[in-house]
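# Commentary on secondary and tertiary structure
What follows is the residue order along each chain.
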Amino acid sequence: MGGLIAQIIMKYSKLADVYEKLEFTSSKLEKTDIISEFLKETPEDILKIVSMLLTGQVFPEWAELELGVGPSLLYDTISFVTGVKPAEIKNLLAKEGDIGNVTEKILKKKVQHILFKKELTVEQVYTSFERIARAYGSGSQNKKVKYLAELLSNASPKEAKYIVRIVLGELRIGVAEGLVRNAIAKAFNIEVNLVERAFMLANHIGIVAKAAKNGKDALEKIRIKVFIPIRPMLAQIAPDIQHVLKELGEAAMEIKYDGARVQIHKKGDEIKIYSRRLENVTEALPDIVKMAREAIKADEVIIDGETVAIDTATGKPRAFQEILKRFRRKHNIAGMLEKIPFETYIFDVMFVNGKETIDMNFRERRQVIEEVIKPVKGKFGTAEQIITSDFDEAEKFYHHALNKGHEGIMIKNLKAPYIPGARVGYMYKIKPTMETLDLVVIGATWGTGKRSGWLGSYFLGVRDEITGEFLPVGRVATGLSEEQLKELTSSLKPLIEYEEGQKVTLKPMLVVEVAYQEIQRSPNYKSGYALRFPRVVRIRDDKSSREADTKDRLISLYNLQATSEKKKLDL
DNA sequence: ATTGACTGCCC
DNA sequence: ATTCTGC
DNA sequence: GCAGAATGGGCAGTCAAT
């Protein structure tokens, strides 16, 4: 009997050992082998959980369940278990760069009550995560801390390290869905393509693993169904129009609306809307439901589109922030609906009347869209499109999109199928770049993971000509190579004035050139403005902070963009 | 009843 | 979202 | 070229603290 139980139960320490092995293996093929071997010996009842945990996820993104534990509650929990104060944990994290390693170290130092420990199983860990996720309402934060603390006090330092990383969604072992997907194919001897397709449709790597273990037939049963959302296809950034046209020849160009992705499912009178991450957002969008019911002329469909807020007075799209005010709203939905009306533009179709359309090419799919949708003017329609192989025409369309105040254009391969979840070279996005700003680095935070030991994110200031102050305009953390990060860290270290936890205050000396998509009004930064999608393009060793850009210039650039006079650098 | 910190998810 | 990096 | 990792602004919802 003992033997039977031993077969079903898997110790969590075994999974932790695999995590560790993966963390210190760099070759992807080797990682795939390790995972594949592990999956082979994983009992079927826990294959679903184990596959998910290997990717560092607990619940699929479409599930309503979420842990509701972020850094703050986690540090409280670690503090509760170890007696080390949250402030000290933050200090350790600044030095160490990984909360899992910090937890492991603290626990190793602590003399544990080994006698009272039970050995954790994978199931127990998962069940604890579920309990944490299900705690809600008054007193729930205490409960979450209590459940997680229980888990950590029964864990070995190594087990705790990975539990803690999973809680924050930063497993950092160089394994995610892609490698687990390949490993599933290898473990159960099935072509990767088939596994990949099943994964795109099921959206749950565990379900796919289990099906794969049961053979090809079980995998092939995973099909597109109405009211089961599928991963939206994603676009790649294109260097420029010419480049894409050269590659594709004749292609479709569509306006790139700066809104939120909506995947609309309809069957008869019932309509559901899913977000890009497959959350059900139907309740927040009754106007889209109504319009969809009116505009869609098929009994059963799954379509893909973008919803955007248009200013009814000017016909121009409103700031993206306005969309956020409505998109996941739960209260006063009707009130905001009047203030911020949405227009929805459909650009793809995945399923019509019992049939998958994802294998049709885009030209054919567009035809289906036009047959299925009878536009309701200014409310619900198809994405504005032209088909051309001519550069001048393409450029004209790009300017047309920008003049209408939109984000840019999409260029799509007419021969391509719909590949859910993939960011493949079938869809390109082209957006203008704004004039850059030279801003002063006024602070930073110590990096984590592969940025451990370096300053990894930089607070930026814009110069106030009158007071000589540098007013915060947000932060930047991307655009820098590892070499530049190293260089910046060493040149900023002598400028440190004050340090607390991961935060560092700096003498305002160093200037960086920052690119961005848009200047936004911001209540969060003292300058009153912030940058959307900031990235460093150059370290301005040649400039002093007194030569940095001024608040006046920032404001005039902000005002310019309102009249859509964007500077296009990518033609 | 109000405010603010935290979290998750849009881009 | 953007960007960099190892494979 | 893919996959993974590290990081951005800002919104509403939730819960704790006042």
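Parameters and conventions
- Residues numbered from 1 in each chain as written.
- Chains lettered and ligands numbered in written order.
- Predicted model: local features only at pLDDT ≥ 70, side-chain atom pairs only at ≥ 80, totals over all residues.
- Heavy atoms only, no water.
- Helix = DSSP H or I, 4+ residues; strand = E, 2+ residues; numbered from the N terminus.
- Buried < 20%, exposed > 50% of the residue type's maximum accessible area, 1.4 Å probe, protein only.
- Polar contact = N/O pair within 3.5 Å; in protein donor to acceptor, adjacent residues only side chain to side chain.
- 1 Å grid on protein atoms, 1.4 Å probe; cavity = no way out; pocket = protein on both sides within 12 Å on 5 of 7 lines; lining within 4 Å.
- Points joined across faces, edges and corners; volume = space filled by probe spheres on them.
- Nonpolar A, V, L, I, M, F, W, Y, C, P; charged D, E, K, R; others polar.
- Near = heavy atom within 4 Å.
- Pairing = 2+ DSSP bridges.
- Axes fitted to C-alpha atoms, helices over the stretch in contact; angles between N-to-C directions.
- Contact = heavy atoms within 4.5 Å.
- Core = buried A, V, L, I, M, F, W, Y, C linked by side-chain atoms within 4.5 Å.
- Expected span 1.5 Å × (residues − 1).
- Arc of directions from axis to C-beta.
- Domains from an automatic or database assignment.
- Buried area = accessible area lost by both parts, 1.4 Å probe.
- Salt bridge = Lys/Arg side-chain N within 4 Å of Asp/Glu carboxyl O.

What follows covers the environment of E435. Locating E435 in the fold gives a position in the loop between β11 (423-430) and β12 (437-446). For E435, a relative accessible area of 32% translates into the label partly exposed. Among the polar contacts listed, one links the side chain of E435 to the side chain of R553, at a separation of 3.3 Å.

Moving on, we come to empty space enclosed by the protein. Overall, the coordinates contain 2 cavities of 30 Å³ or more when judged by the stated rule. By volume, the largest cavity amounts to about 40 Å³. Within the lining of the largest cavity, the residues separate by chemical class into 4 nonpolar, 3 polar and 3 charged. M233, D348, F362, R365, K412, N413, A416, P417, Y426 and M427 are the residues that line the second largest cavity. Taken together, the elements giving at least two residues each to the lining of the second largest cavity come down to α19 (362-372), β10 (408-413) and β11. Of the residues belonging to the lining of the second largest cavity, the class tally is 6 nonpolar, 1 polar and 3 charged.

Another aspect to go through is the protein's contact with DNA strand D. Close contacts around DNA strand D come from 43 residues, with G137, G174, K330, T448 and Y525 the closest. Among the atoms of DNA strand D lying within 4 Å of the protein, the sugar-phosphate backbone contributes 93%. A distance of 2.5 Å separates a phosphate oxygen of DNA strand D from a polar atom in the backbone of G137. Between DNA strand D and H331 there is a distance of 2.9 Å, counted from a phosphate oxygen to a backbone nitrogen or oxygen. At the level of elements, α9 (140-153), α11 (177-187), α17 (320-327), β13 (455-463), β14 (470-476), β18 (518-521) and β19 (529-532) are the ones that each hand at least two residues to the surface near DNA strand D. Among the residues forming the surface near DNA strand D, the class breakdown is 12 nonpolar, 19 polar and 12 charged.

Turning to the sheet that holds β10, a few remarks are in order. In spatial order, the strands read β1-β11-β10-β2-β9; together these 5 strands make up an open sheet with mixed pairing. Only two strands of the sheet have a single partner each, and these edge strands are β1 (234-237) and β9 (385-388). Averaged over all neighbouring strand pairs, the angle between strand axes comes to 40°, with direction disregarded. Helix α15 (residues 241-248) rests against β2 (251-256), β9, β10 and β11 of the sheet, and its axis sits at about 15° to β10.

On to the side chain of K161. Relative to the helices and strands, K161 resides in helix α10 (residues 157-167). Judged by relative accessible area, K161 falls into the buried class, the value being 4%. Not counting residues within four places of it along the chain, the set of residues in contact with K161 comprises E23, G100, N101 and E104.

It is worth spelling out the nonpolar core at this point. Counting 92 residues, the largest nonpolar core has Y12, Y19, L54, L74, I99, F129 and L219 as the members making the most contacts within it. Those residues in contact with I99 that sit more than four places away from it in its chain are L74, Y75, I78, I89, L93, V164, L168, E170 and R172. Counting residues in hydrophobic clusters, the runner-up holds 56 residues, among them A298, F320, V349 and A401.

What follows is about helix α5 (residues 71-82). With 12 residues, α5 extends 16 Å between its outermost C-alpha atoms, agreeing within 8% with the 16 Å of an ideal straight helix rising 1.5 Å per residue. Regarding α5, the residues found buried are L73, L74, Y75, T77, I78, S79, V81 and T82. Buried residues along α5 sit in contact with α6 (86-96), α7 (99-109), α9 and α10. Downstream of α5 by one or two residues, G83 has phi in the positive range, about 85°.

Let us look at the protein's contact with DNA strand C. Around DNA strand C lies a shell of 13 residues, among which S26, K28, R276, T478 and R535 are the nearest. The protein-proximal atoms of DNA strand C, defined as those within 4 Å of the protein, are 89% sugar or phosphate. K28 is positioned such that a nitrogen or oxygen atom in its side chain is 2.7 Å from a base nitrogen of DNA strand C. A distance of 2.9 Å separates a phosphate oxygen of DNA strand C from a polar atom in the side chain of K431. When its residues are assigned to classes, the surface near DNA strand C shows 3 nonpolar, 4 polar and 6 charged.

Among all positions in α19, only F362, R365, R366, V368, I369 and V372 are buried. Angularly, the buried residues of α19 cover 160° about the axis, an arc narrow enough to put them on a single face. Here α19 starts with a cap whose side-chain oxygen sits 3.0 Å from the backbone nitrogen of R363, and that cap is N361.

A few words on the domain arrangement of chain A. If you check the domain split of chain A, you get domain 1 (2-56 + 174-220), domain 2 (71-168), domain 3 (234-430) and domain 4 (437-564). Inter-centroid distance (C-alpha atoms) of domain 1 to domain 3 is 35 Å. Counting residues at the interface gives 4 residues for domain 1 and 6 residues for domain 3. Each partner contributes to the roughly 410 Å² buried at the junction of domain 1 and domain 3, and carbon and sulfur atoms together form 59% of this total. Considering only the side of domain 1, the residues that lose the most area to domain 3 are R197, M200 and L201, jointly responsible for 84% of the buried surface there. Counting every contact that joins domain 1 to domain 3 gives 2 salt bridges. One salt bridge connects R197 with D359, and the closest N-O pair in it is separated by 3.5 Å. Our enumeration of links across domain 1 and domain 3 arrives at 2 residue pairs in polar contact (both at pLDDT 80 or more). When grouped by side-chain class, the residues that make up the side of domain 1 that touches domain 3 number 2 nonpolar, 1 polar and 1 charged.

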